[in-house]
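# Examination of the molecular architecture
Residues per chain, in single letters:
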Amino acid sequence: MKRAFTIIGILFLVISGVAQNGSRFSTDLRFNEISINGSTTPELHSGDTLVFTISIENIGNEPYRNCMLSISTNNPSIIFIDSTEYFDYIAPGNEYTLNRCLIAVIAPNIPDRNSILFTFSISNSTEEVLLQRSYRVSGISLTAEHIRIFAMGAGGPQRTLHPSECGRLAITLKNNSAQDLHYINVDILGTNDSNITVSGPVQIAVLHAGETFGYLPEYTTTAQFQSDNTVDIRIGYDVNGSNPQEITVSIVGHCNCEDFDGVQLPAGFYGEGTQAGWHIDSTSMAIGSHSIRSGQISHYDSSTVNLPVNVPHSTNVSFSFKVSSESNYDWLYFYIDDEQMDRWSGDHDWTQVSYNLSAGEHTLTWRYIKDKSVNTGSDCAWVDAICFPTYLYEEPSLTITPSPIEMSIVHNDATGSTALITFSNPSDVHLLYENEISDPDGLPVGWLDISSENGSVNAGENKDITLQYCELGLIPGDYSATLRTNVRDMDTTLITPIILHILSGVGMSEHQEPTCRVYPNPTSGEITIANNNAIIREISIYDIFGKLLLKEAPTAYSHQLRLSDYASGVYLLKIVTESNSIETIKIVKR
């Protein structure tokens, strides 16, 4: 144990004042600032040594004597080299800095995005003040960068899975860790569809930081498999047998693409006049087993194919092309409504390009033109995989229930608790999502995990996702977090408030069933909060990110609040009664 003076970097502050005032007795001693390795917002990595500097302040009128600063955590990946610091005296109104007062080490094999919750305590013979901070650690991280499908007997990669099919998936795994990884064990944990099986355990001897590895598991689909469905594949891995982790990759089941896998040009495509027309070709393709190829033409000639489209809103079109021609003389042109977008000549292997389309009717044109002389290469062009977004004719929609998510847990319940939320997709298109949980300041949360950080919801289906609360070590009180769900192809991020009540376990009257009425809701101005069973002791209003906007103490059975000055949106109303019941109600301000 040393004598020096300092505090840690803020990455998570317990809501409702519990962090600063979560003491056994009234105290005027408070934490001011905490830094790790000289930063109040440190970037932590596996294997790091953490040196804490903590500043404290006596805001009272009496000195504090014989105080002990200590640190603890519920994360087994933290090893404390020095977890206590003694100081004799801090005078009234003084601030005291304990430099390099606590030291800890993060285990080298900690998983990526692991949250560490530290509890700091200052105590003497009569008082104790507690503060908690949560930090996110960058650790061992393997990600799936790309996925392609190679069906048995197919000429090349295909875009979707089909019934009664087998083959291999080509998944690119990347080491996003800051360190080299040795003896990585990779295997398939399962899928969300019982009509497909995927397997392929493999061990990677070494994967250097930033490098990739081609993972080739085998797959088989049954006759009942629906090719329009999106499939989530769960890949598990560990490094040298420790700290197993999981990543999810999604195979999109339905694409609004033309892959030319028929025997003739699809309906809608047409040529021009007597020119040699484009036709289905099986000798070269970007994906699947066919493409379209320009016709065999002579000098001063051209081969053209058109596609009329009518799009309801601005979007983009993408396609892949290949050219084998005399460089700078014989060209593949692409037009939108007779306006040239681009052109290519020479040797171009399959390349994907994308162009914007405004709402309305358009004609897309591909034209291969030869000049006056010289034949080079195959003297033609190919086009494949003409794609529009899957949501082009259907606006995607996703709802999350319940909202807000509210849970109560007894203090120091080591088992934790779970809450079930449902993602509902009424759209006619699949949706891919990514979930992220943070506190009201956008910082990591150390008391909550989600079962599905990324994945998909098929058209017209629901998906249940589990939140796992772990309150071990949290001070009794109220905690807030936000679930942000980013959905691909949607312009907005869905916000779901999360409220956690940590109960002391004494009496269990701290949180009861709802007894309050709030009306009118939605409202354009004033609301009334009424409780016929108990006096309302405290009312607080938060925005959906958990920021406190208003707090009042009415001490009455009913109370009115004016919301006319608030912007339109969703707010959270927290009500505490004299019987210590706590209720959180979502209100809508028009």
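Residues numbered from 1 in each chain as written. Predicted model: local features only at pLDDT ≥ 70, side-chain atom pairs only at ≥ 80, totals over all residues. Heavy atoms only, no water.

## Re the overall build of the protein
Note the threshold: Counting from the N terminus, the helices are the DSSP runs of H or I reaching at least four residues and the strands are the DSSP runs of E reaching at least two. Between buried and exposed lies partly exposed: a residue is buried under 20% and exposed over 50% of the maximum accessible area for its type, with that area taken using a 1.4 Å probe on protein chains only. Contacts between residues were defined by any pair of non-hydrogen atoms, one from each residue, lying within 4.5 Å. Per-residue accessibility takes into account occlusion by the displayed protein chains alone, with areas from the Shrake-Rupley method and a 1.4 Å probe. We count Lys and Arg on the positive side and Asp and Glu on the negative side, and we leave His and both chain ends out. To locate a charge, take atom NZ for lysine, CZ for arginine, CG for aspartate or CD for glutamate.
A tally of regular secondary structure across the protein gives one helix and 44 strands. Out of the 590 residues belonging to the protein, those deemed buried represent 50%. Considering only intrachain contacts with a sequence separation of at least 6, the fraction spanning at least 24 residues in the protein is 70%. When the accessible area of the protein is evaluated, it comes to approximately 26600 Å², of which 46% is carbon and sulfur surface. The distance from the centre of the 32 positive side-chain charges to the centre of the 68 negative ones in the protein is 5 Å.

## A word on the pattern of salt bridges
Here is the rule we go by: One speaks of a salt bridge when a side-chain nitrogen belonging to Lys or Arg is within 4 Å of a carboxyl oxygen belonging to Asp or Glu.
Under the criterion given, the structure shown has ten salt bridges. Measuring nitrogen to oxygen at the nearest pair gives 3.8 Å for the salt bridge that ties Asp259 to Arg159. Note that Asp259 is positioned in the loop between β19 (256-258) and β20 (279-281) and Arg159 in the loop between β10 (142-151) and β11 (166-175), a separation of 100 residues in sequence. By relative accessible area, Arg159 is classed as partly exposed at 24%.

## What to know about the sheet that holds strand β12 (residues 181-191)
Selection rule: DSSP calls a pair of strands paired once it identifies at least 2 bridges connecting them. Helix axes use the C-alpha atoms of the stretch in contact, all axes being lines fitted to C-alpha atoms, and the angles between their N-to-C directions lie in the range 0 to 180 degrees.
Across the sheet, four strands lie side by side as β14-β12-β17-β18; this open sheet has antiparallel pairing. Of all the strands in the sheet, just β14 (202-207) and β18 (242-251) have a single pairing partner and so form its edges. Neighbour-to-neighbour, the strand axes of the sheet open up by a mean angle of 30 degrees, direction not taken into account. For β12 and β14, the ladder comprises five bridges, and the chain directions are antiparallel. Within β14, the position partnered with Val186 by the bridge is Val202.

## Some details on unusual backbone geometry
With the exception of glycine, most residues fall at negative phi, and the peptide bonds are largely trans. Residue Pro402 is bonded to the preceding Thr401 through a cis peptide linkage, with omega at -5 degrees. The topology assignment puts Pro402 in the loop between β29 (399-401) and β30 (405-410). Cis peptide bonds are those with omega within 30 degrees of zero, and the linkage from Tyr519 to Pro520 qualifies with -10 degrees. Within the secondary structure, Pro520 is located in the loop between β38 (517-519) and β39 (526-530). Not every positive phi belongs to a glycine, and Asp338 is a case in point at roughly 70 degrees. You can see Asp338 is positioned in the loop between β24 (331-336) and β25 (339-344). Phi is positive for Asp379, close to 55 degrees, though the residue is something other than glycine. Tracing the chain through its elements places Asp379 in the loop between β27 (360-369) and β28 (380-388).

## Considering the packing of aromatic side chains
The geometry of an aromatic ring pair is captured by the separation of the ring centres together with the interplanar angle, meaning the angle of the planes. Inclusion rule: Centre distance within 6.5 Å is the pairing criterion for rings of Phe, Tyr and Trp, where only the six-membered ring of Trp is used; planes under 30 degrees apart are then read as stacked, over 60 as edge-to-face, and the remainder as tilted. By definition, being over a ring means that NZ of Lys or CZ of Arg is both within 6 Å of the ring centre and within 35 degrees of the ring normal.
The final tally for this structure, using the stated rule, is 20 aromatic pairs. When the centroid spacing of 5.5 Å and the interplanar angle of 80 degrees are considered together, the rings of Phe52 and Phe118 count as edge-to-face. Linking Phe52 in strand β3 (residues 49-58) with Phe118 in strand β8 (residues 114-123), this pair joins segments that are 66 residues apart in sequence. Among the aromatic residues, those joined into a cluster by ring pairs are Phe31, Phe52, Phe80, Phe118, Phe120 and Tyr135. Stacked on the ring of Trp382, the Lys or Arg Lys322 has its end atom at 4.9 Å from the ring centre. One cation-aromatic arrangement involves Arg343 over Trp331; the distance from NZ or CZ to the ring centre is 3.7 Å.

## Re the sheet that holds β3
Where strands meet in a sheet, backbone hydrogen bonds hold them as pairs that are either parallel or antiparallel. If you walk across this open sheet you meet the four strands as β1-β3-β7-β5, and the pairing is antiparallel. Only two strands of the sheet have a single neighbouring strand rather than two, namely β1 (29-36) and β5 (78-82). When the angles between neighbouring strand axes are averaged without regard to direction, this sheet yields 35 degrees.

## Examining the confidence of the model for the protein
Heads up, the rule is: Confidence of the predictor in every single residue is expressed as pLDDT, which spans 0 to 100.
Summing up the model confidence of the protein, the mean pLDDT is 85 and the portion of residues at 70 or higher is 91%. Low confidence marks residues 1-26, where pLDDT is under 50. Its contacts with residues over four positions away, or in another chain, come to 131 contacts. Note that pLDDT drops below 50 for residues 506-513; the model gives that stretch 21 contacts with residues more than four away or on any other chain.

## Details of the state of the cysteines
Here is the rule we go by: By definition, disulfides here are pairs of cysteine sulfur atoms that lie within 2.5 Å.
Tallying each qualifying case throughout the model produces one disulfide. The side chain of Cys257 participates in a disulfide bridge whose partner is Cys387; the two sulfur atoms lie 2.0 Å from each other. Linking Cys257 and Cys387, the disulfide has an S-S dihedral of approximately 115 degrees and is accordingly described as right-handed. Here Cys257, found in strand β19, pairs with Cys387, found in strand β28; they are 130 residues apart in sequence, far enough to count as distant. Cys257 sits in the partly exposed class, given a relative accessible area of 24%. Here Cys387 falls in the buried class, since its relative accessible area comes to 8%.

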